[in-house]
Amino acid sequence: MFFMTICSLTLIFGLIAGLLIFAFRKPSKEEISKRNLGQDIPILLNFLPNVVTTSDAGAGIGYTGIRIRGVNSQSTNVTINGIPYNDAESLGTFWVDLPDFSSSVENLQVQRGIGTSVNGSSAFGASINILTDKISQNPYFESANTIGSFNTVKNNFRFSTGL
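In this report, we go over the structure that sits alongside the text. Bear in mind the structure is a predicted one, so any value in this text is a computation, not a measurement.

Let us look at the side chain of Asp100. With respect to the helices and strands, the residue Asp100 is situated in the loop between β9 (83–84) and β10 (105–112). A distance of 3.0 Å separates the side chain of Asp100 from the side chain of Ser103, its partner in a polar contact. Apart from residues lying up to four places away in sequence, Asp100 is in contact with Asn36, Gly38, Lys154 and Asn156.

The next thing to look at is a nonpolar patch on the surface. A cluster of nonpolar side chains, Phe141, Phe157 and Phe159, forms an exposed patch at the surface whose accessible area comes to about 410 Å². Of note, Phe157 is situated in strand β13 (residues 153–160). On the basis of relative accessibility, which here comes to 54%, the residue Phe157 falls in the exposed class.

Relative to strand β11 (residues 126–132), strand β8 (residues 76–80) runs parallel, the two being bridged by five bridges. Within β11, the residue paired with Val78 across the bridge is Ile128. Bridging between β10 and β11 involves seven bridges; their strand directions are antiparallel. Note on β11: the bridge partner recorded for Val105 is Thr132.

Under the criterion given, the structure shown has two aromatic pairs. Consider the rings of Tyr85 and Trp95, whose centres lie 6.4 Å apart with planes at 45 degrees: the pair is tilted. Of the two residues, Tyr85 sits in the loop between β9 and β10 while Trp95 sits in the loop between β9 and β10, which places them ten residues apart along the sequence. The exposure class of Trp95 is buried, given its relative accessible area of 3%. Ring geometry for Phe141 and Phe157: centres 6.3 Å apart, planes at 25 degrees, overall stacked. Within this pair, whereas Phe141 is found in strand β12 (residues 140–147), its partner Phe157 is found in strand β13, the two being separated by 16 residues in sequence. Judged on exposure class, the residue Phe141 and its partner Phe157 are both exposed.

Turning next to the pattern of salt bridges. Side-chain pairs of opposite charge can arise where the charged atoms are in close proximity. As enumerated under the stated definition, the model contains two salt bridges in all. The salt bridge partner of Arg158 is Asp133, with a shortest N-O separation of 2.9 Å. Taken together, the residues span a long stretch of sequence, with Arg158 in strand β13 and Asp133 in the loop between β11 and β12 at a distance of 25 residues. The partner of Arg158 in a salt bridge is Glu142, and the shortest N-O contact between them spans 3.9 Å. Here Arg158 is found in strand β13, whereas its partner Glu142 is found in strand β12, with 16 residues between them in sequence. A cluster of three or more residues bridged by salt bridges with shared partners is formed by Asp133, Glu142 and Arg158.

Rules and cut-offs
Residues numbered from 1 in each chain as written. Predicted model: local features only at pLDDT ≥ 70, side-chain atom pairs only at ≥ 80, totals over all residues. Heavy atoms only, no water. Helix = DSSP H or I, 4+ residues; strand = E, 2+ residues; numbered from the N terminus. Polar contact = N/O pair within 3.5 Å; in protein donor to acceptor, adjacent residues only side chain to side chain. Contact = heavy atoms within 4.5 Å. Patch = residues over 30% accessible without salt bridge, like charges linked within 9 Å, V, L, I, M, F, W, Y side chains within 5 Å. Areas by Shrake-Rupley, 256 points an atom, 1.4 Å probe, with all protein chains shown as cover. Salt bridge = Lys/Arg side-chain N within 4 Å of Asp/Glu carboxyl O. Buried < 20%, exposed > 50% of the residue type's maximum accessible area, 1.4 Å probe, protein only. Pairing = 2+ DSSP bridges. Phe/Tyr/Trp six-rings, centres within 6.5 Å; stacked < 30°, edge-to-face > 60°.

Structure, rendered in structure tokens:
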């Protein structure tokens, strides 16, 4: 454990086997699917520590926002399969373009605080790393249908032809 004082601010870093340790949370696929009601990813992450989400319509679908550790979404780096998703000009993330994307998420990691990023300054507040489902070796077809309040309907169809 290293302690470093810079301008009377103490920063604590942990070093284990040459790796720098960051505060992060990796919800499991089961944890995500249990909370998945067709809402956007920020609403699904609302149960994590230091996460506050907003929704324009109130239902968690459409224009949603996320703040991690009080820092706005322009300072949160979002990558999908390693590709930056943040807007190049405003650094914002438009979750409205990813309806029910959480049904296709295999792995999700939220790293709180300043993180390492090769994508620019958007990782000042946090980093959200999303990996989509793996390629299936076998063919399959899945159907999931849900009916909710206020005439909301969620229909998911997933299929793979296999390799």
